[in-house]
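So you can see what is in the structure, the chains are spelled out below.
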Amino acid sequence: MVRYAVRRLVLLIPTLLGVSIAVFLLRGLIPGDPVELMFFGQSVDQETIEIVRRDLGLDRPLPEQYLKFLLRALQGDLGTSIQSGLPVTQEILNRYPATLYLAISGTLVAIVLGVSAGVVAAIFRDRLWDTLIMAATTVGQSMPSFWLGLLLISLVSVRWGILPVMGSDSPRHLILPALTIGLITSALIARMTRSTLLEVLNEDYVRTARAKGLREMRVVLGHAMRNAALPVVTIVGLQFGNLLAGAFIVEVVFSWPGVGEMAVTAINQRDYPVIQGILLVVSSSYVIVNTAIDVLYGVLDPRVAYD
Amino acid sequence: MSDVVSADQIRLGQGTPGPKRRRPGLLRQVLGKGSGRIGMTIVVILVLVAAVGPAIVPADPYQMAVGERLRPPSSAHWFGTDEFGRDILARIVHGSRITLFIGLISVAIGLAVGTPLGLLAGYFGRRVDLVISVVTDIMLAFPNFLLALAIVSALGPSLRNAMIAVGIRTVPLFTRLVRASTIAVREREFVTAARAAGARNVRILSRHIAPNIVAPIIVLASLEFPAAVLVAAGLSFLGLGAQPPSPEWGSMLVGGRLYLRSAPWAINVPGIAIMITVLGFNLLGNALRDTLDPRLRQK
């Protein structure tokens, strides 16, 4: 068990290094010279460009540049934003909590909706409720998040005037974006809950529980659900990781001041230090969350650790 | 669908799979399910709309008319007009080509790059596998949407680059699937037999392994198509994909979002169009998966 956890954690290091190399190399893909891009639209002579290039270390060989990039990143220095002139780390730290807050709230909504819908569907297998819930999840999985978000705004905020349209000044601002994310994510969780629950409901101990006269509710929630929880936990974890980035669109729809909105602005302004910083931070969190789920899975289900 | 090589033919040293045999009734099996039927219907209608629609719809999708701004649906404009007075029906019909094109190109990139890489990694193992797998793992370490976003940020926002980005995003998915399938097939007797009969690697890969891993590839391709449409529409919505005045569906919502109260059709028509498209391909993909790959069938 401990060995399994340690192995997973050790594997984290090469993965994170790989991610950092990919983020670093991304700059190489950019058409055009990065320094000339910095001065885009301004007239500067070749000499200044050379000086800036040397200042930024861009005249050094790539491996050396990467090492410098990595060492600085490890010390929490992700460079300076071309647009604002502020340290990228500081800007991300200002924004990341809002993204996390939204992702966590959205995941909670998704768990509540998804697990209950999945349980109901499994209990009423092949009957009306099951059919309705499965149809709803199929539609939900096909819905673009930005349209759902706009639809909620136009109904709840614009037509009924119940909730604020956008921004993040009060907890009331959180409801619609969290609901948008939660509704879409809950579709997958509902399907997963239903299918694992149906699998578990065929097990011997479930039959035993039923045979000894327990009520169906007790059987499902007390006995079956406990064992069906594992795959559901995995899906929830993976979705949470995806939400850290997938929530980007929803953030833009609701003008939620997270890293997503910041990333889109940075891409349009070609502010590469900011883009690289966000990519590095978000994908590292994703990798770390996924590893944490793997380890948790091993703790919850000892069979996994012996694989 | 796939010409499954029967072991006998190879033991006899014939190598070639003989007369092509089609698995009977794939289409009938897919259409036998309610969801498969609905999915197929939607997809066929979409393809028809994209193929002949632009020739039938009279309005010009780019023609602006200041006097006709944000008109509600009527007999003149079935789906209303947008903030520039352009006919939304015409834009949806013309945009359907873009949407189908995005799905096709993205999946084609994933297939064309991912499949050979997966075959190489799975078949040769060792160092080849190590290099390919490391790159695949790193790409998969990025959250799905973020990978596409990262590539667009490097290439610059445009419809073409969004398609490339969404395509690259699917490459590791194909590589991983093909690699795993290849490893499973590699050790089968008929491959050993072919090798013993003196077949070279290229022949073994193309004649013996590839035909036997077609089914899961088709399933993945059919399920990645709608995913690609969604991601690309999302990129366009963020202004990182198709640029105005393109009638791409995701970008149509950008202009409409400022008129939620006065002209809800401006966002709802393209929104519903995207949803129905993705729904149709999802249903069809699920039905294909259930038919071709029973192991993956959802309970």
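Cut-offs and rules
- Along each chain, residue indices are assigned from 1 in the same order as the chain's sequence is written.
- Naming scheme: in the order in which they are written, chains are lettered from A and ligands are numbered from 1.
- Local features in a predicted model are, by the rule used here, given only for residues with pLDDT of at least 70; side-chain atom pairs are given and counted only at 80 or more, and totals for whole chains, interfaces and linings are based on all residues.
- Only hydrogens and water are set aside when side-chain values are computed; all heavy atoms of the structure are taken into account.
- Put simply, DSSP H or I for four residues or longer makes a helix, DSSP E for two residues or longer makes a strand, and each gets a number counted from the N terminus.
- Categorising residues by exposure relies on relative accessible area from a 1.4 Å probe, with only protein chains included: less than 20% of the type maximum marks a residue as buried, more than 50% marks it as exposed, and the intermediate range marks it as partly exposed.
- Here the Shrake-Rupley method, with its probe set to 1.4 Å, supplies the accessible areas, and only the displayed protein chains count as covering residues.
- When charges are counted, neither His nor the chain ends are considered; positive counts come from Lys and Arg and negative counts from Asp and Glu.
- In plain terms, the charge of a residue is placed at NZ if it is Lys, CZ if Arg, CG if Asp and CD if Glu.
- Summary of the metric used: pLDDT quantifies the predictor's per-residue confidence within the range 0 to 100.
- The criterion used for residue contact is that any of the two residues' heavy atoms lie within 4.5 Å.
- Salt bridge criterion: a side-chain nitrogen from Lys or Arg within 4 Å of a carboxyl oxygen from Asp or Glu.
- All axes here are fitted lines through C-alpha atoms, helices being fitted over the stretch that makes contact, and every angle between N-to-C directions spans 0 to 180 degrees.
- Left-handed describes a crossing in which the near helix is turned anticlockwise from the far one by less than a right angle; the clockwise case is right-handed.
- Amino acids outside the nonpolar list (Ala, Val, Leu, Ile, Met, Phe, Trp, Tyr, Cys, Pro) and the charged list (Asp, Glu, Lys, Arg) are all regarded as polar, and Gly is one of them.
- As used throughout, domain bounds are those supplied by an automatic or database domain assignment.
- Buried residues of nine kinds, namely Ala, Val, Leu, Ile, Met, Phe, Trp, Tyr and Cys, make up a nonpolar core once their side-chain atoms join them within 4.5 Å.
- By buried area we mean how much accessible surface two parts lose on assembly, using a 1.4 Å probe and totalling the loss over both.

A. Region of the structure containing the overall build of chain A. The secondary structure content of chain A amounts to 13 helices and zero strands. Starting at the N terminus, the α and β elements of chain A follow one another as α-α-α-α-α-α-α-α-α-α-α-α-α. Residues classed as buried in chain A amount to 49% of the 307 residues present. When the accessible surface of chain A is totalled, it reaches about 15,400 Å², and 63% of it is carbon and sulfur. Treating the 24 positive side-chain charges of chain A as one cloud and the 23 negative ones as another, the clouds have centres 13 Å apart.

B. Focus on the confidence of the model for chain B. Residues and elements named next belong to chain B. Residue-level pLDDT values for chain B average 83, and 90% of them are 70 or greater. Across residues 1–18, confidence stays below pLDDT 50; counting only partners more than four residues off in sequence or on other chains, it has 37 contacts. Interface confidence for the predicted complex, given as ipTM, is 0.85, next to a pTM of 0.85.

C. Summary view of the side chain of E83(B). All names here are of chain B. You can see E83 is positioned in the loop between α3 (34–56) and α4 (88–124). Comment: no salt bridge for buried E83; closest opposite-charge side chain is R86, at 4.5 Å. Ignoring any residue separated from it by four or fewer positions in sequence, one finds E83 in contact with R69, L70, G255, G256 and Y259.

D. How the structure looks around the packing of helix α10 (residues 214–237) of chain B against helix α11 (residues 249–256) of chain B. All names here are of chain B. Relative to each other, α10 and α11 sit at 35°, their axes nearing to 7 Å. The way α10 lies across α11 gives a crossing that is right-handed. Where α10 abuts α11, its residues A233, S236 and F237 lie against G250, S251, L253 and V254. Of the residues that constitute the contact of α10 with α11, the class distribution is four nonpolar, three polar and no charged.

E. Representation of the domain arrangement of chain A within the structure. Here chain A is described as being made up of domain 1 (17–74) and domain 2 (96–269). Computed over C-alpha atoms only, the centres of domain 1 of chain A and domain 2 of chain A are separated by 41 Å.

F. Highlighting the nonpolar core. F248(A), I278(A), L149(B), L235(B) and L238(B) are the most contacted members of the largest nonpolar core, which has 135 residues in total. Domain assignment of the residues forming this core places at least three in each of domain 1 (17–74) and domain 2 (96–269) of chain A. Counting residues in hydrophobic clusters, the runner-up holds 13 residues, among them L201(A), V206(A), M225(A) and A228(A).

G. The interface of chain A and chain B, seen in detail. Counting from both sides, the interface comprises 46 residues of chain A and, opposite them, 40 residues of chain B. The contact between chain A and chain B buries some 3,700 Å² in all, and 75% of this surface belongs to carbon and sulfur atoms. Scanning the region where chain A abuts chain B turns up zero salt bridges. Mapped by element, the contributors of at least two residues to the side of chain A that touches chain B are α1 (2–29), α6 (128–141), α7 (145–159), α8 (172–200), α10 (216–253), α11 (259–268) and α12 (272–300) of chain A. Top element by residues in the side of chain A that touches chain B is α7(A). It accounts for eight residues.

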